[in-house]
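What follows is the residue order along each chain.
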Amino acid sequence: MTTRHDTAASPVKGGAAPGRPPGGNTSAEADHKRRAKLSRRWQRDMRWSPYAFVSPFFLLFLAFGLFPLIYTGWASLHTVELTAPTDMKWTGFDNYTRIFDDEFFWNAAKNTLWIGIISTVPQLLMAMGLAHILNYKLRGSTFYRVVMLAPYATSIAAASLVFVLLFGRDYGMINWALDLVGLDKIDWQNGSWASKFAVSTIVIWRWTGYNALIYLAAMQAIPQDLYESAALDGASRWRQFIHVTLPSLRPTILFTVVVSTIGASQVFGEPLLFDANKGASGGSQHQFQTLGLYLYEQGWVNQHLGRASAIAWAMFLILIVIGIINAVISRRLRASS
Amino acid sequence: MTTTMTKPPADAAPEPSRRGRRRSKAARAGGTLHAGPIAYIILALFTIGSLFPLVWSAIAASRDNQRLAQTPPPFWFGGNLFDKLEIAWKDANLGEAFLNTTIVAGISSLTIVFLSTIAGFAFAKLRFRGRNALMLIVIGTMMVPPQLSIIPLYQLVAKLDWSDQLQAVILPSLVNAFGVFFMRQYLLQALPDEVIEAARVDGASSWRVVWHVVFPAARPAMAVLGMLMFVQSWNDFLWPFLVLTQNGSPTVQVALAGLGRGYTPDQSLIMAGALLGTLPLLLVFAIFGKQIVGGIMQGAVKG
């Protein structure tokens, strides 16, 4: 095996292969030429095929990722109407001043932030607890894991439609249950906080199980002897969780926080379909209009694609700022530990 | 939670823990403890919470609309389920929507799996200049929100006259950094270098290595990635909602949104549609749940 490997790895130097009986002079020369040609092809293959393998991804990304991203910035400096999306008139930064002067932009930004917090924090905390439980030796553990993924298999559209009914003011099951335990009914559509909470519930329902599985995978990768030595030191289960599990999960937690943050900045389908008035304003008082919904309203209801592009870029900049804050915090955390 | 069961029951039935087992407080290693009754109670609550909205959509779909406008809400099935499913199927154009979504999700997930496998292989096992920088770009693209590109893509679709054409949905969905990352992670540990070298020694070109070595080795991960991508594509909402219309060639999600945002006052019909749109994926999860769970967890480690 090793000898064959040597000769094949350097076919240029080798001349005739050792296994083959040495022939006449001319045939050896032809053989040599053929091998040199083969080795050139071989070298070309070794050199360029990696690029061939990764190029489809990058070509697609250039065409449908990077180019649109930059072009959105370009379009945001123009007036573009939905009815004639290819007809662009230069306006400079007008679109940006327009949206920054619009109270509904800031309202949508605030709503996105709050819905992001209300949906992400409980979701990840519950996912952590759930993962901790799933990490025990359980009967039917696969059953629970699959069941936790059922909401993930449910689309935003289907989930939102069901929750609209559950959160109904007059006949919804949630208000019925509140009434049953003697609490007041809540107007989940029109209440400022109630509606944000309801929209967040849809997000939490769909993603908790998925994140629990991600935490569970990371927990299972923690070496057992860390726990054993902690137990030998007399650490309680809770202290083991705080001092062994959580630090080991830090990269995974950061990963889920980043992914959830991006997801939270994108929330669109849930508030769109939650609105009983079937508009894109996120409720009659814009009480649960997110930035994604505001972008859609400006672009596809009010038909100002240029302004919508400006919103998209503003969102991108906000995300970058959040990303930088995230990176700084995680570096601090790493430095302190 | 400090109590632990010392004797693990042999059967793997998904039922709550039986009481009366001998317990010990000798808490040792964290990951291998047996769950106590509280853990099972919490799990039961999560199970109910996860499944209840789905079950209830079936209950609501089986009732007529008047019944849904009464308190208390119905808790058990009525007799209209199949009628309602049939009406929803016709009203929401679900037949065509299923066909369209199957085409879109099928083409998109197969292509993503193929492209991700060859790219993931190159990143995991081949040496080339700029490899690490390119991999960083791949990871970076995961951070770019899709909303940033919808406006130029919409302009493009308008220019090419592609609205209500399925390729308008398929093509942008093919950009998938997660797939590349996922396959790279898998091939790093699942494909020994020696196997590739042995194929090289036999004179195999890179394409033959991909075909005869990488694809067979990557098959389990390819299957999982394919299912994840199928689910994602099936449930994709924003972009199809913008370029497809309910009466043109909708995907299932577009049809459902049309049902919900239309002016049908019949809530049970909407529930029937939501149920129909979800059933195929629930079926996939019921059959391949174990593999999908494994795939998600595999993709998560070092994620």
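Not measured: the values here are computed from a predicted model.

Draft legend 1. Region of interest: the nonpolar core. With 176 residues, the main nonpolar core has L149 and W300 of chain A together with F121 and I296 of chain B as its most contacted residues. Residue contributions to this core peak at 15 residues, all from helix α10 (residues 206-235) of chain B. Leaving out residues up to four positions away in the same chain, L149 of chain A has contacts with Y210 and L213 of chain A together with F285, I292, V293 and I296 of chain B.

Draft legend 2. How the structure looks around the interface of chain B and chain A. Counting from both sides, the interface comprises 122 residues of chain B and, opposite them, 102 residues of chain A. When chain B packs against chain A, close to 10100 Å² is buried across both sides, 76% of that on carbon and sulfur atoms. Taken together, the links from chain B to chain A amount to one salt bridge. One salt bridge in this structure joins D45 of chain A and R200 of chain B, with 3.8 Å as the shortest N-O distance. Run the count over chain B and chain A and you get 11 residue pairs in polar contact (both at pLDDT 80 or more). Tallied by class, the residues present in the side of chain B that touches chain A amount to 82 nonpolar, 28 polar and 12 charged.

Draft legend 3. Spotlight on the pattern of salt bridges. Applying the stated criterion across every chain yields a total of six salt bridges over all chains. Salt-bridge contacts for D266 of chain B lead to K84 of chain B; the nearest nitrogen and oxygen are separated by 3.0 Å. A residue pair is termed long-range when its members are at least 10 positions apart, and D266 of chain B in the loop between α12 (252-261) and α13 (267-300) and K84 of chain B in helix α3 (residues 81-91) qualify at 182 residues. Using a relative accessible area of 16% as the deciding quantity, one classes D266 of chain B as buried. Each member of the salt-bridge network shares a partner with another, and the members are R169, D170 and D187 of chain A.

Draft legend 4. Region of interest: the confidence of the model for chain A. Residues and elements named next belong to chain A. Looking at chain A, the pLDDT average stands at 85 and 92% of residues meet or exceed 70. Mean pLDDT in chain A bottoms out at helix α1 (residues 2-9), which sits at 38, and peaks at helix α5 (residues 103-134), which reaches 94. Here residues 1-23 scores under 50 on pLDDT; set against residues more than four positions off or in separate chains, the count is 18 contacts.

Draft legend 5. Looking closely at the packing of helix α5 (residues 131-141) of chain B against helix α8 (residues 177-190) of chain B. All names here are of chain B. It is at 8 Å that the axes of α5 and α8 come closest, and there the two elements cross at 130°. As far as their axial angle goes, α8 and α5 are oblique. The crossing of α5 and α8 is left-handed. The residues of α8 that touch α5, namely those facing M135, V138, I139 and T141, are A177, V180, F181 and R184. Considering only residue class, the contact of α5 with α8 consists of six nonpolar, one polar and one charged.

Draft legend 6. Highlighting the packing of aromatic side chains. Residues and elements named next belong to chain A. Following the criterion strictly, the structure yields 42 aromatic pairs over all chains and no others. Linked through ring pairs, F163, F167, W188, F197, W205, F274 and F288 together constitute an aromatic cluster. For the cation-ring pair, K196 lies above W193, with the distance from its terminal atom to the ring centre recorded as 5.2 Å.

Draft legend 7. Spotlight on the UniProt feature "transmembrane region" (unreviewed entry) in chain B. Residues and elements named next belong to chain B. Per the UniProt record, "transmembrane region" (unreviewed entry) is found at residues 38-59, 103-124, 133-154, 166-188, 209-231 and 269-288. Secondary structure across residues 103-124 comprises 100% helix and 0% strand; the distance between its end C-alpha atoms is 31 Å. Regarding residues 133-154, the helix share stands at 64% and the strand share at 0%, and the terminal C-alpha atoms are separated by 31 Å.

Draft legend 8. Fine view of the pairing of strand β1 (residues 78-81) of chain A. Residues and elements named next belong to chain A. Burial along β1 is one-sided: the residues H78 and V80 are buried and none of T79 and E81 is. Two strands pair when backbone bridges link them, and β1 and strand β2 (residues 84-90) are joined in this way by four bridges, in the antiparallel orientation. Its bridge partner lying in β2, H78 is registered against W90. Remark: two residues form the turn of the hairpin made by β1 and β2, two consecutive strands paired antiparallel.

Draft legend 9. Broad picture of the side chain of E270 of chain A. Residue and element names in this part refer to chain A. When you line up the elements, E270 lands in helix α13 (residues 269-274). Within the buried set, E270 has no salt-bridge partner at all; the shortest N-O distance to an opposite charge, 4.3 Å, is to R206. Setting aside anything within four residues of it in sequence, one finds E270 in contact with I156, S160, V199, I202, V203 and R206.

Draft legend 10. Examining the packing of helix α14 (residues 291-301) of chain A against helix α15 (residues 305-336) of chain A more closely. All names here are of chain A. Interhelical geometry of α14 versus α15 gives an angle of 160° and a closest axis separation of 7 Å. The orientation of α14 relative to α15 falls into the category roughly antiparallel. Handedness of the α14/α15 crossing: left-handed. Taken together, the residues of α15 that come into contact with α14 (itself represented by L291, G292, Y294, L295, Q298, G299 and W300) are L305, R307, A308, I311, A312, M315 and I318. When grouped by side-chain class, the residues that make up the contact of α14 with α15 number 10 nonpolar, three polar and one charged.

Conventions and cut-offs
Sequence order sets the numbering: in each chain, residues are counted from 1 along the sequence as written. Written order determines the labels here, with chains lettered from A and ligands numbered from 1. Selection of residues for local features in this predicted model requires a pLDDT of at least 70, selection of side-chain atom pairs for listing and counting requires 80 or more, and totals for whole chains, interfaces and linings are taken over all residues. The basis for the side-chain values is all heavy atoms of the structure; hydrogens and waters are excluded. Remark: nonpolar core denotes a set of buried residues (Ala, Val, Leu, Ile, Met, Phe, Trp, Tyr, Cys) joined through side-chain atoms within 4.5 Å. Burial classes follow relative accessibility: with a 1.4 Å probe on protein chains only, a residue under 20% of its type's maximum area counts as buried, one over 50% as exposed, and anything between as partly exposed. Helix and strand assignments come from DSSP, with helices taken as H or I runs of at least 4 residues and strands as E runs of at least 2, each series counted from the N terminus. Contacts are assigned to residue pairs that have any heavy atoms within 4.5 Å of one another. By definition, the buried area sums, over both parts, the 1.4 Å-probe accessible area that each loses when the two are put together. Take a side-chain nitrogen of Lys or Arg and a carboxyl oxygen of Asp or Glu: if they are within 4 Å of each other, that pair is a salt bridge. Counted as a polar contact is a pair of N or O atoms within 3.5 Å, where, for protein atoms, one must be capable of donating a hydrogen and the other of accepting one, and residues adjacent in sequence contribute only when both atoms are in side chains. Polarity classes work like this: nonpolar for Ala, Val, Leu, Ile, Met, Phe, Trp, Tyr, Cys and Pro, charged for Asp, Glu, Lys and Arg, and polar for all others, with Gly in that last group. For every residue, the pLDDT score states the predictor's confidence, bounded by 0 at the bottom and 100 at the top. In this description, a line fitted to the C-alpha atoms serves as the axis of each element, helices being fitted only across the stretch in contact, and the angle between N-to-C directions of two axes falls anywhere from 0 to 180 degrees. For classification purposes, angles smaller than 35 degrees are called roughly parallel, those larger than 145 roughly antiparallel, those between 65 and 115 roughly perpendicular, and all remaining angles oblique. By convention the crossing between two helices is left-handed if the near helix lies anticlockwise of the far one by an angle smaller than a right angle, and right-handed if it lies clockwise. Only centres within 6.5 Å qualify two rings of Phe, Tyr or Trp (six-membered ring in Trp) as a pair; their planes then separate them into stacked at under 30 degrees, edge-to-face at over 60, and tilted for everything else. A ring is scored as having a charge over it whenever the NZ atom of a lysine or the CZ atom of an arginine sits within 6 Å of its centre and within 35 degrees of its normal. UniProt positions are given in the numbering used here, feature names are shortened, and annotations may be inferred rather than shown by experiment. Paired strands are those between which DSSP finds at least two bridges. In this charge count, Lys and Arg are treated as positive and Asp and Glu as negative; neither His nor the chain ends contribute.

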